[in-house]
Structures are given as structure tokens and as C-alpha cells.
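Observations on the model geometry
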2 protein chains.
Amino acid sequence: MTTQALPREPRQDRSRATRRRLLEAAIDCLASVGWAGTTVTVVAERAGVSRGAAQHHFRTREELVTAAVEYGSEVRMRRMRAHLDALADGRPSTQDVVTMLGEMYTSPLFRAALQLWVAASSDDQLKAQVLPLEARVGREAHRLTVEALGADESVPGVRETVQATLDLVRGLGLADLLTDDSVRRTRLLTQWATTLDAVLTRTPPASSPE
Amino acid sequence: MTTQALPREPRQDRSRATRRRLLEAAIDCLASVGWAGTTVTVVAERAGVSRGAAQHHFRTREELVTAAVEYGSEVRMRRMRAHLDALADGRPSTQDVVTMLGEMYTSPLFRAALQLWVAASSDDQLKAQVLPLEARVGREAHRLTVEALGADESVPGVRETVQATLDLVRGLGLADLLTDDSVRRTRLLTQWATTLDAVLTRTPPASSPE
């Protein structure tokens, strides 16, 4: 019986699957109950993983949460890239791009990342861990957005406007934290797409002559 | 001796001053050590107020923090209004307005409010307390911004663009949480002022004719 009951998955795959389950459960947990309620033990329970197995992967909450936000960001970006690649003409409308960004920054992943940022803001050790991750994710989000918009960053003002788009959706993520802000957000992003089109296709208007 | 040692301030003024000291200390405390480290006892110590006196004003951390964010927002808005009223021609430049907003949303008050929002996102009782405050402060910030920009919200797209400006600076506040983002923010807001001027003074470009 004992030998027959051996799992069919190789050990490494099982370990990877366990890790992934923990990371996904950590994102859900952070997004719903917040930093204080997200311990390795609670996440292990949520993931249906034994406490021992969980602690084999992640010794501390900080480790688990940082890995979860990293994993979640990679998954999101990969999905966004796949979505872009799948488009027939290779270029989504500006409205599509800002809608996609709006969704990304109101997802459980954003809420989880927000918990991590806020915790890191008053914990220097955690901050040192989070900063390289935040920089990497920020760069990748910027690159994807430039590509999706077909933006030419050599045109003055374009780079700053793409950055502003990402800061805007980050602000929209915050505005969605306590209430469902989707109706206002949709109206706002529709207008943003119009503004963005104007900036991306033309140089900003020069100051009027004296 | 006892009668001579009576404080010269009337009791009510002293009580008000104590309350204000607690509120200010709570904002500093939240901004620097975060939600978990901000207890009534810690804030009382920071404010140089006895624990008993502090608890006379605020029974719980939640009460203290909500009152602190409300107080801080009122002070900020009053200062912004005074600043606007003091301008000779009554109208700051767009660049001045976005700079002022950028400063408001990267201040200790923003960091304190962020702690409160994030805590409220996983605490229904606190959320019920915070929502009316958030709505009131949001409306007032919007009204002040419209007034400062001299924006005509009856023009299509203007209302959404003013809202986007506030969501953008909220996002910039978040971007400043872990690192000093001031150089990037200044560049970004300078460009945003140009874009904003274009949207505020003209209706958005109609779609090009087929």
C-alpha cells in the first residue's frame, strides 16, 4: 500500500505547486484581511497546506508576502503581454489600455501590494527587501504601457504622460479601496484616454505668443 | 499656594490645546511608525500628555486616528484656501495648483490618512466611520481644486480631468511612500500642468472626420 500511495507528481513539481498555492492564498488573504491578519499559519490554512510545509517555503510573513506580490505581479504582466500579443493588429485602443491598467490597479494584487508598501514604510528591513521589487515591477509596467500605447518617448512630454497614467491608476486603486469606485473610474478613464491620445499624437501646445 | 497655582488658561482652552496636541502627535506617529505602532498611549507620550488625559479625549486608537486625519485635512484645506485668498490676482497658475496638490498628497497627513484607509479596508466598523470623512474631504479637495484652477465643469471632460488630477496626486503620494520621488514628481507635474491647461481652456479634440 505504502509504495502504491506514492504521489505521481515528482517531488519538485509538488513543491512548486505548494509554493504557488501559498502565494495565491497570501494575495487573497492580504487583500481581504490585511497585513496584521496575514501570518504564515493563516495563509497555510487558507491554502490547505500544512504549517510545516508552509514554513519550509517561507520562514516569515515578510518573506511570504514579498514573494506573493512578486509572483502576482509577474502573472499579471504576463497576462497583459499575452493579451497584447493576441490582438490581431497588435495594437489595442488607448481606451483598452487604460481600462486594462485600471483593472490591474484595482485587483486583489494591488490591495495586497498596498498592504506590503504600507508595512514597509515603517519597517526599514522590509523596505530594503521591497524597494528592488517595486522598482522592477514599476519599470516593467512602464515598458508594457509604452508598448501597448505605441508611445514615442522621444517626443517631449510623452514619457511624463505615460508615467502620469500609471500614477493615476495607482491613485484610482486607492480610491477603490473602501468603496466600489468603478462608475466614476470608467468615466474618468474614458476622458483620460482622450487626453492621452491628444498628448501622444501631438507635441503639447506651445505657450501663446505675447 | 494651591489657589495661586491655578492655571491661567480657562479649562476649556486647555482641553482644546491638549486635544490638538494629541491629534498632531497622532499624525506624526502614524506617518512614521504606522498603524500598529500608533496607540493612544504612545501618542499621549509623544504629545507630552498624561495617559489619563489622552483617554479622556479618545478611548480608542480608531477614534484618535479618525479625528486626527479629519483635523489634519481641515487644517490643510484651510491653509490652501488662505493661500489662494492671499494671491493678488486671486488665481494661481496651473503649475502652482498642481505643485500645491503634489505637496498636500506627499505630506505626513497623506501618510497618516493612508494608514487609516488601509486599516479601514479590513475592518468594517472602522470603514463605516471613515467613509463619511473620506467623502467630505474628497468633495472639499475637489471644490478647492476647481476654484483654484478656475475650471468650468460644464465643459465636457473638465470635471473628469479635475478628478483625474486629484487621483494622480494620490498616486504620486503612494509613489513617494518608500522613496523620495520628488524629482520625478516635479517633472511629471510640470508636464501635467501643460496638459491640464490644454484641456481646461479647450474642449477635447473631436475624433478626426472619416
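Residues numbered from 1 in each chain as written. Chains lettered and ligands numbered in written order. Predicted model: local features only at pLDDT ≥ 70, side-chain atom pairs only at ≥ 80, totals over all residues. Heavy atoms only, no water.

Taking the UniProt record as the reference, the feature "DNA-binding region" (unreviewed entry) is found at residues 39-58 of chain A. Strand forms 0% of residues 39-58 of chain A and helix 75%; the C-alpha atoms that close the span are 11 Å apart. (UniProt positions renumbered as here; feature names shortened; annotations may be inferred. Helix = DSSP H or I, 4+ residues; strand = E, 2+ residues; numbered from the N terminus.)

This part covers helix 7 (residues 124-149) of chain B. Residues and elements named next belong to chain B. Its 26 residues place the ends of helix 7 36 Å apart at the C-alpha level, agreeing with the 38 Å of an ideal helix rising 1.5 Å per residue. Of all the bends in helix 7, the largest measures some 30 degrees and sits at V130, one to four residues before the proline P132. All buried positions along helix 7 are accounted for by L126, K127, V130, L133, A141, H142, L144, T145, V146, A148 and L149. At its buried positions, helix 7 is contacted by helix 1 (11-37), helix 4 (61-86), helix 5 (94-104), helix 6 (108-120), helix 8 (158-175) and helix 9 (182-201). For helix 7, the side-chain oxygen to backbone nitrogen distance between the N-cap and Q125 is 3.2 Å, and the N-cap itself is D123. A positive backbone phi angle near 60 degrees is found at G150, which sits one or two residues after helix 7. (Expected span 1.5 Å × (residues − 1). Bend = angle between axes of the 7 residues up to and from the residue. Buried < 20%, exposed > 50% of the residue type's maximum accessible area, 1.4 Å probe, protein only. Contact = heavy atoms within 4.5 Å. Polar contact = N/O pair within 3.5 Å; in protein donor to acceptor, adjacent residues only side chain to side chain.)

Time to look at the packing of aromatic side chains. Inspection of every chain in the model, using the stated rule, returns five aromatic pairs over all chains. Considering the side-chain rings of Y105 of chain B and F110 of chain B, the 5.9 Å spacing of their centres and the 55 degrees angle between planes classify their relative orientation as tilted. Grouping residues by exposure puts Y105 of chain B and F110 of chain B together as buried. Residues F110 of chain B and W117 of chain B carry aromatic rings whose centres are separated by 6.0 Å and whose planes lie at 75 degrees to one another, so their mutual orientation is edge-to-face. Look at W117 of chain B and you get buried, because its relative accessible area is 12%. Site record: aromatic cluster; members linked through ring pairs are Y105, F110 and W117 of chain A. (Phe/Tyr/Trp six-rings, centres within 6.5 Å; stacked < 30°, edge-to-face > 60°.)

All names here are of chain B. In the contact formed by helix 4 and helix 5, the axes pass within 12 Å of each other and the chain directions differ by 160 degrees. With respect to helix 5, the element helix 4 is oriented roughly antiparallel. The two elements helix 4 and helix 5 cross, and the hand of that crossing is right-handed. Contact residues: R76, M77, M80, H83 and L84 in helix 4; M100, L101, E103 and M104 in helix 5. When the residues that make up the contact of helix 4 with helix 5 are grouped by side-chain class, the tally is six nonpolar, one polar and two charged. (Axes fitted to C-alpha atoms, helices over the stretch in contact; angles between N-to-C directions. Parallel < 35°, antiparallel > 145°, perpendicular 65-115°, else oblique. Left-handed = near helix turned anticlockwise from the far one by under 90°. Nonpolar A, V, L, I, M, F, W, Y, C, P; charged D, E, K, R; others polar.)

Close approach of charged atoms lets side chains of opposite charge pair. Counted by the stated rule, this structure contains 24 salt bridges over all chains. Between R81 of chain B and E147 of chain B there is a salt bridge, and its shortest N-O distance comes to 3.1 Å. Highlighted residues: R81 of chain B in helix 4 and E147 of chain B in helix 7, separated in sequence by 66 residues. By relative accessible area, E147 of chain B is classed as partly exposed at 40%. Between E140 of chain B and R143 of chain B there is a salt bridge, with the nearest N and O atoms lying 2.8 Å from each other. Of this pair, E140 of chain B and R143 of chain B both sit in helix 7, separated by three residues, roughly a single helical turn. Taking relative accessible area as the criterion, E140 of chain B reaches 24% and is therefore assigned partly exposed. By sharing partners, the salt bridges in this structure join D167 and R170 of chain A together with D181 and R184 of chain B into a single network. (Salt bridge = Lys/Arg side-chain N within 4 Å of Asp/Glu carboxyl O.)

Moving on: the UniProt feature "domain: HTH tetR-type" (unreviewed entry) in chain A. UniProt records the feature "domain: HTH tetR-type" (unreviewed entry) for residues 16-76 of chain A in the present numbering. For residues 16-76 of chain A, the helix share is 87%, the strand share is 0%, and the end-to-end C-alpha distance is 19 Å.

This part is about the relation of the copies chain A and chain B. In screw terms, the move from chain A to chain B is a rotation of 180 degrees and a rise of 0.0 Å along the axis, fitting with an RMSD of 0.0 Å. Taken together, the rotation angle and the small translation identify this as a two-fold axis. Comparing interface residues between copies, 100% of those in chain A also lie at the interface in chain B; the contact surface is shared. (Least-squares fit on C-alpha atoms with pLDDT ≥ 70 in both.)

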